[in-house]
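Topology and contacts: notes
This is what each chain is made of:
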Amino acid sequence: MRIITDETDIGSLTKQELFYLYNGMDCLITYQLRDILLPKVEEEAVAPYEYEMAMLPVAMDMMLRGMKIDHRAMQLLLEELYAKKQKYAAFLDELAMVLLDQGVNHQSDKQLKVLFYDVLGITPIKKRDGNAWKVTTNREALEKIEKENAKGRVFATLVLALRDIDKQTSVLTAERDADGRLRTSFNVAGTETWRWSSSASPAYSGINFQNVNERLRRVFVPDDGYVLYYADLDQAESRVVAYLSSDDNYINACESGDLHTYVTQMVWPDLEWTGDAGEDRELAERNYLRGFSRRDLCKRAGHGTNYGLQAASLSRHLQIKVREASRFQLQYYGGAVKYEELGRWHEQDRDGGFDKLIEEGSVVGVAPGKGEKDKRLVYIEGNFPGIRKWHDTVAAELEMEGKLTNPFGFTRKFWGRSSDSATLRSAIAFLPQSTVGILTSIGLYRIWKELPEVQLLANIHDAALGQIPEKKIDKLAPLVIDCMMNPLDIGGKLMTIPSSLEVGMNWGHVVRDEETRDVIDNPNGLDGWKES
């Protein structure tokens, strides 16, 4: 080891030694500045700073370790993707030749604008770029064309498929380190919600582990003698919303074991529920509306409603009618609606349950006389009124303070206009998302600190990915689960989010037949852990 002092001749240092010197000075000066700057930091920023500092060694441990790759599985998947790309690109060129007398590059924004907007005559789709609106063929635009325009549907589908393949192959062909492993960087302070972000490694190799899709995860495998584990927080954000809103009905729904079926039963109480969990879930999953089951609708619409989406936005998001989104939200967390509007919706859909809303709601106002406008309102309590009241509380605090503090005491300032709906939705989402992000990190920290035999590999949003010695899985798995479950007082109520644990010999999931539950693909993938 060479020690460099003030007396060292800098000209005698090698290029590599100069890099080491620069890095060391960077760390030392930053450390010296810490004692000068820390007293000047606002008190509310001290706890987040200390939290982030505590997480650095956990992140560094995972970054240095990286993940092992099944190179044979990776090569087979690459060959499959390249074959699909060749097939889809040839089909796209064949179709384009009819209209353009030439092929089209699926990555060329210029060529795609000509195809979709000039030749096919589709109304140009624009996105905001700074203070201006510019015509685009980004993913959102192509998905809109795919859903709404028959002329452009097949072209949009092919371009989206080709771009997805490019994204997948970029993961599989990412530079690996000399030992053949893929690595990533974790930024413990990379988001405004205290969730970690991920990117390529400091050596410019590797990938963002948090964006690896389910199919690609199968090429990631444990080291010899280990088995992968995936410890996930169950319905975490919904639970935090329940306790933040202090809505006992929603808390009970979250603690029921199957939140979305529970919500389905409350929104549609007149269905033939049996009380048997399996039979009730089967009933909830039957097709109901435009390809959605009632359970699907409750899951997606519930999440959007929890985070402040209004009926019009929810209808666009789910591709359902505004009246259907409105009915869900009125049943979900209540509100006020015009009497005549409910009547009109009932006329449009007599089986939609709108007449029942009128019957069960409280009508305020008197019936109009002849020629008078109907000014009556119907107030509906809803099943989870606490969520709406919590939204109002957040809006008031945002208006008064311009900042919010989560249950850990971490504060975020919001610089957008408090009256802007996007700012309000961001504020509403901040509280549960930051709470879950910190709880996940605490779980990872405990695993790292308390279980030296258990290795961490990645922070995947609300889950810990790692590996356990195969021969000690029954001993260590319950301890991993315990580390992930950390009680938190929210408004005087103690919340503990349960954790589930899956284990397997690759990061992808086992695929089962929906009816028979027989394994039909990826038999070595992640599956629910059961003590042997």
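If you're wondering where the values come from, they're calculated on a predicted model, not measured in any experiment.

Let's shift gears to a nonpolar patch on the surface. Together, Met25, Leu28, Ile29, Leu33, Ile36 and Leu37 line one region of the surface with nonpolar side chains, adding up to about 550 Å² of accessible area. With respect to the helices and strands, the residue Ile29 is situated in helix H1 (residues 15-37). Since its relative accessible area comes to 42%, Ile29 is described here as partly exposed.

Here the focus is the sheet that holds strand S15 (residues 455-460). Taken in spatial order, the five strands line up as S15-S16-S7-S19-S22 in an open sheet, and their pairing is antiparallel. Of all the strands in the sheet, just S15 and strand S22 (527-528) have a single pairing partner and so form its edges. Here strand S7 (residues 226-233) pairs with strand S16 (residues 463-469) via seven bridges, running antiparallel. Residue Ala231 lies in a different strand from S16, and its bridge partner there is Ala464. Against the sheet, helix H18 (residues 473-484) engages S7, S16 and strand S19 (499-504), with an angle of about 160 degrees to S16.

The end-to-end C-alpha distance of helix H16 (residues 385-401) is 24 Å, a good match for the 24 Å that 17 residues give at a rise of 1.5 Å each. Turning to H16, its buried residues number three or more, namely Pro385, Gly386, Ile387, Trp390, His391, Val394 and Leu398. If you follow the buried residues of H16, they end up packed against helix H7 (236-245), helix H8 (248-255), helix H11 (294-306), helix H13 (322-333), strand S13 (403-405) and helix H17 (421-450). One or two positions beyond H16, positive phi appears at Gly402, with a value near 75 degrees.

Ranked by internal contacts, the top residues of the largest apolar core, which has 105 residues, are Trp196, Phe220, Tyr229, Tyr250 and Trp507. By size, the runner-up hydrophobic cluster in this structure holds 19 residues, among which are Leu92, Val104, Phe116 and Ala156.

Another aspect to go through is the confidence of the model for the protein chain. The pLDDT averaged across the protein chain works out to 91; a share of 100% of its residues lies at or above 70. When pLDDT is averaged over each element of the protein chain, strand S6 (residues 220-221) comes out on top at 98 and strand S8 (residues 287-289) at the bottom at 79.

We now examine the packing of aromatic side chains. Per the stated rule, a full pass over the model turns up 16 aromatic pairs. When the ring of Phe209 is compared with that of Phe220, the centres are 5.8 Å apart and the planes differ by 75 degrees; the resulting orientation is edge-to-face. Linking Phe209 in the loop between strand S5 (197-199) and S6 with Phe220 in strand S6, this pair joins segments that are eleven residues apart in sequence. Grouped by ring-pair contacts, the aromatic residues Tyr51, Trp194, Phe408, Phe410, Phe414 and Phe430 constitute a single cluster. Sitting above the plane of the Trp268 ring, Arg294 keeps its charged end 5.3 Å from the centroid.

Definitions and limits used
- Residues numbered from 1 in each chain as written.
- Predicted model: local features only at pLDDT ≥ 70, side-chain atom pairs only at ≥ 80, totals over all residues.
- Heavy atoms only, no water.
- Patch = residues over 30% accessible without salt bridge, like charges linked within 9 Å, V, L, I, M, F, W, Y side chains within 5 Å.
- Areas by Shrake-Rupley, 256 points an atom, 1.4 Å probe, with all protein chains shown as cover.
- Salt bridge = Lys/Arg side-chain N within 4 Å of Asp/Glu carboxyl O.
- Helix = DSSP H or I, 4+ residues; strand = E, 2+ residues; numbered from the N terminus.
- Buried < 20%, exposed > 50% of the residue type's maximum accessible area, 1.4 Å probe, protein only.
- Pairing = 2+ DSSP bridges.
- Contact = heavy atoms within 4.5 Å.
- Axes fitted to C-alpha atoms, helices over the stretch in contact; angles between N-to-C directions.
- Expected span 1.5 Å × (residues − 1).
- Core = buried A, V, L, I, M, F, W, Y, C linked by side-chain atoms within 4.5 Å.
- pLDDT = per-residue confidence, 0-100.
- Phe/Tyr/Trp six-rings, centres within 6.5 Å; stacked < 30°, edge-to-face > 60°.
- Lys NZ or Arg CZ within 6 Å of the ring centre and 35° of its normal.

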